[in-house]
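One letter stands for each residue in the lines below.
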Amino acid sequence: MGRAVDTIAAVATAPVEAGIGVVRISGPEALRVGDRAFRPRRGRPLSERRSHSVAYGWVVNTDGHRVDEALALVMLGPHSYTGEDVVELQCHGGAVAVRRVLEVALEAGARLAEPGEFTRRAFLNGRIDLSQAEAVVEVIRAKTDRAMEAAVRQLEGSFSHAIREVRERLLGVAAQLEAEIDFPELELETESREALLEGCSWSLERIGVLLRNVRRGDLLRNGLRVVLAGRPNVGKSSLLNRLVGKDRAIVTAVPGTTRDVIEEWVSLGGVPVLYADTAGIRETEDEVERFGVDRSREMLRRADLILWVVDAGSGLTAEDLALREQLPSSKPVIGVLNKTDLVDPAALDALAAELKGLRLIQVSALSGAGIEELERAVLEEAGALDMEEGFVATERQGDALRRAADALRSALATAEAGYGPDLISVDVRAAWSALGEITGDTVDEDLLDQIFSRFCIGK
């Protein structure tokens, strides 16, 4: 993982008009680059200032021309984001202003940073581990408060601590096995073999707990895609408007009003949920409506959860049943009986009996009755109600956890079959190594390139 360490610079703020923009400079020559690029109004140059101090002055180019008024922050390594000497120039937040300040930093001797290079240096310098580095992206991309809180906990090291705890236990198991391999005459006592199996079983159980966070991480990161499906005029648009809390879809009594998919993100119990109102699915000669129906079928294939909406006032029609047969069998479906305010309880009970075996929620999009129950059902179907508080596991981390779990199951099976410690040790070491990929203790350069390429330039 060794690379020539030079001094890098990049814009660390979004490319939009704002009160300030930040150009970050990091590396062994950061202070010298800062001295060439910045002139304090008074006092010593940046290279002579103490760590975590601020100077007011001007960014100047090589000709001494003032480019912008700015504050310069000095942070000396290892007590900085990257673990290196860092200078941050806070200038005005216009696109031209930050571009020109960056150009000055590059002219002064820095090179343009690659995507994620600042965070990569923080990892390589031991300030954070790889799991924490990935949490930086999760913090930036969080769509809800709950996702943000989980990402911050991972950034603090909660996930890393759990992984290291399991790796330490496995290292003890591996040491026991190595002792038996090196000194076969000292056969392990029954208690020692039981302790070995207990260590593998405990580690496997703990990994199982961590794996449950992979689904949680996917929900908080990518959200839940919920598609409303039904024949025309069953109240899907009214239901969408009620679920998102505003008039997002046009509502009329004319069937086929919705000609395309209408989507809206909401935060439901801290989980990002994308509700999609589809065109009523039916056979039609209208070319525009047919295009919308095709889009609706595509949305159903991509859905995480389908709300099959039925007009309780009209009862269950042949068109409803035909549509139910067209819904993807691999997708979870919640039946939604809408317009229940227009139907007496006996008729509702009879309708529910016809749909026995399907989870049903009775609602009125007009009055709002049953909406909270429907929202709870959405979260239950997604497995979001019983999610443990903690961190956000990525799919890469989930893959490493699954490989570690498979290796431990193999180790236990090998031990129970009576095979020797050399075969058991291979599996235990494999599990230990897979977990090390999560924290970065066992990782190669290509994997680092892949991970940090997901970052933005400036982070």
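Residues numbered from 1 in each chain as written. Predicted model: local features only at pLDDT ≥ 70, side-chain atom pairs only at ≥ 80, totals over all residues. Heavy atoms only, no water.

Trainee: Just checking my understanding: could you explain the overall build of the protein for this structure?
Mentor: In terms of helices and strands, the protein carries 15 helices and 13 strands. Within the protein, contacts between residues at least 6 apart in sequence are counted, and of these 68% link residues at least 24 apart. For the protein, the exposed surface amounts to about 21,700 Å²; the carbon and sulfur share of it is 50%. (Helix = DSSP H or I, 4+ residues; strand = E, 2+ residues; numbered from the N terminus. Contact = heavy atoms within 4.5 Å. Areas by Shrake-Rupley, 256 points an atom, 1.4 Å probe, with all protein chains shown as cover.)

Trainee: How do you make sense of the sheet that holds strand E6 (residues 86-92) when you look at a structure like this?
Mentor: Pairing between the strands of a sheet is mediated by backbone hydrogen bonds and can be parallel or antiparallel. The 7 strands lie next to each other as E3-E4-E5-E6-E2-E1-E7, forming an open sheet whose pairing is mixed. Strands with a single pairing partner mark the edges of an open sheet, and in this sheet they are strand E3 (38-40) and strand E7 (111-112). In the sheet, E3 pairs with strand E4 (residues 53-60) via 3 bridges, with the strands oriented antiparallel. Bridge pairing links proline 40 to glycine 57 in E4. Packing against the sheet, helix H1 (residues 30-37) makes contact with strand E2 (20-26), E3, E4, strand E5 (66-75) and E6, and its axis sits at approximately 75° to E3. (Pairing = 2+ DSSP bridges. Axes fitted to C-alpha atoms, helices over the stretch in contact; angles between N-to-C directions.)

Trainee: I would appreciate a short explanation of the packing of helix H8 (residues 236-244) against helix H12 (residues 371-382) in the present structure.
Mentor: Working note: a packed helix pair is described by the angle between its axes plus the distance between those axes. At their nearest, the axes of H8 and H12 sit 11 Å apart, and the two run at 80° to each other. Relative to H12, H8 is oriented roughly perpendicular. Of H12, the residues touching H8 (which contributes Leu239, Arg242 and Leu243) are Ile371, Leu374 and Glu375. In terms of residue class, the contact of H8 with H12 is made up of 4 nonpolar, no polar and 2 charged. (Parallel < 35°, antiparallel > 145°, perpendicular 65-115°, else oblique. Nonpolar A, V, L, I, M, F, W, Y, C, P; charged D, E, K, R; others polar.)

Trainee: Looking at this model, I keep getting lost on the sheet that holds strand E10 (residues 271-277). Mind explaining?
Mentor: Read across the sheet, 6 strands follow the order E9-E10-E8-E11-E12-E13 without closing on themselves; strand pairing throughout is mixed. The sheet terminates laterally at strand E9 (262-268) and strand E13 (360-362), the two strands that pair on one side only. Between one strand axis and the next, the sheet turns through 25° on average, direction left out of account. In the sheet, strand E11 (residues 305-311) pairs with strand E12 (residues 333-338) via 6 bridges, with the strands oriented parallel. Among the inter-strand pairings, valine 310 is bridged to a residue of E12, identified as leucine 337. Lying on the sheet, H8 is in contact with strand E8 (224-229), E9, E10, E11 and E12; it crosses E10 at an angle near 160°.

Trainee: Before we go on, may I ask you to explain a nonpolar patch on the surface in this structure?
Mentor: Where nonpolar side chains cluster on the molecular surface, the patch consists of Val54, Tyr56 and Leu71 and spans about 240 Å² of accessible area. Looking at the secondary structure, you find leucine 71 in strand E5. (Patch = residues over 30% accessible without salt bridge, like charges linked within 9 Å, V, L, I, M, F, W, Y side chains within 5 Å. Salt bridge = Lys/Arg side-chain N within 4 Å of Asp/Glu carboxyl O.)

Trainee: Even after reading the chapter, I still don't get the side chain of aspartate 320, so can you show me in this structure?
Mentor: Its location among the elements puts aspartate 320 in helix H10 (residues 318-326). Judged by relative accessible area, aspartate 320 falls into the buried class, the value being 0%. Here the side chain of aspartate 320 touches threonine 317 through a polar contact of 3.0 Å, side chain to side chain. If near-sequence neighbours (up to four positions away) are discounted, aspartate 320 is found in contact with Arg231, Trp308, Val310 and Gly315. (Buried < 20%, exposed > 50% of the residue type's maximum accessible area, 1.4 Å probe, protein only. Polar contact = N/O pair within 3.5 Å; in protein donor to acceptor, adjacent residues only side chain to side chain.)

Trainee: So what exactly am I meant to see when it comes to the pattern of salt bridges here?
Mentor: Pairing between side chains of opposite charge can happen when the charged atoms of each approach one another. Within the structure shown, the criterion is met by 23 salt bridges. The residue aspartate 320 makes a salt bridge to arginine 231 at a minimum N-O spacing of 3.0 Å. Residue aspartate 320 is found in helix H10, and its partner arginine 231 is found in the loop between E8 and H8; the two are separated by 89 residues along the sequence. What makes arginine 231 buried here is its relative accessible area of 10%. In this structure, arginine 403 and aspartate 399 form a salt bridge, with 3.1 Å as the shortest nitrogen-oxygen distance. With arginine 403 and aspartate 399 both in helix H13 (residues 395-416) and 4 residues apart, the pair spans about one turn of that helix. You can call arginine 403 partly exposed: its relative accessible area is 35%. Each member of the salt-bridge network shares a partner with another, and the members are Asp6, Glu84, Arg111, Glu117 and Arg121.

Trainee: Looking at this model, I keep getting lost on H13. Mind explaining?
Mentor: It helps to recall that an α-helix has 3.6 residues per turn; residues three or four apart then point in one direction. The terminal C-alpha atoms of H13 lie 31 Å apart, and with 22 residues this matches the ideal 32 Å at 1.5 Å per residue to within 8%. Every buried residue belonging to H13 is among Gln397, Gly398, Ala400, Leu401, Ala404, Ala405, Ala407, Leu408, Ala411, Leu412, Thr414 and Ala415, and all of these are buried. Note on H13: the residue one or two positions beyond its end, glycine 418, has a positive phi of about 90°. (Expected span 1.5 Å × (residues − 1).)

Trainee: Hey, could you run me through the environment of valine 244 in this one?
Mentor: The topology assignment puts valine 244 in helix H8. Classification of valine 244 as buried rests on a relative accessible area of 14%. For the pair formed by valine 244 and valine 266, sequence separation is 22 residues and the distance between their alpha carbons is 6.3 Å. Apart from the residues within four sequence positions on either side, valine 244 is in contact with Glu264, Val266 and Tyr275.

Trainee: Hey, could you run me through the environment of valine 60 in this one?
Mentor: Note on placement: valine 60 falls in strand E4. Under the relative-accessibility criterion, valine 60 is labelled buried at 3%. Through-space distance from the C-alpha of valine 60 to that of aspartate 35 is 9.8 Å; in sequence the pair is 25 residues apart. Ignoring any residue separated from it by four or fewer positions in sequence, one finds valine 60 in contact with Arg36, Ala37, Arg39, His65, Arg66, Val67 and Val104.

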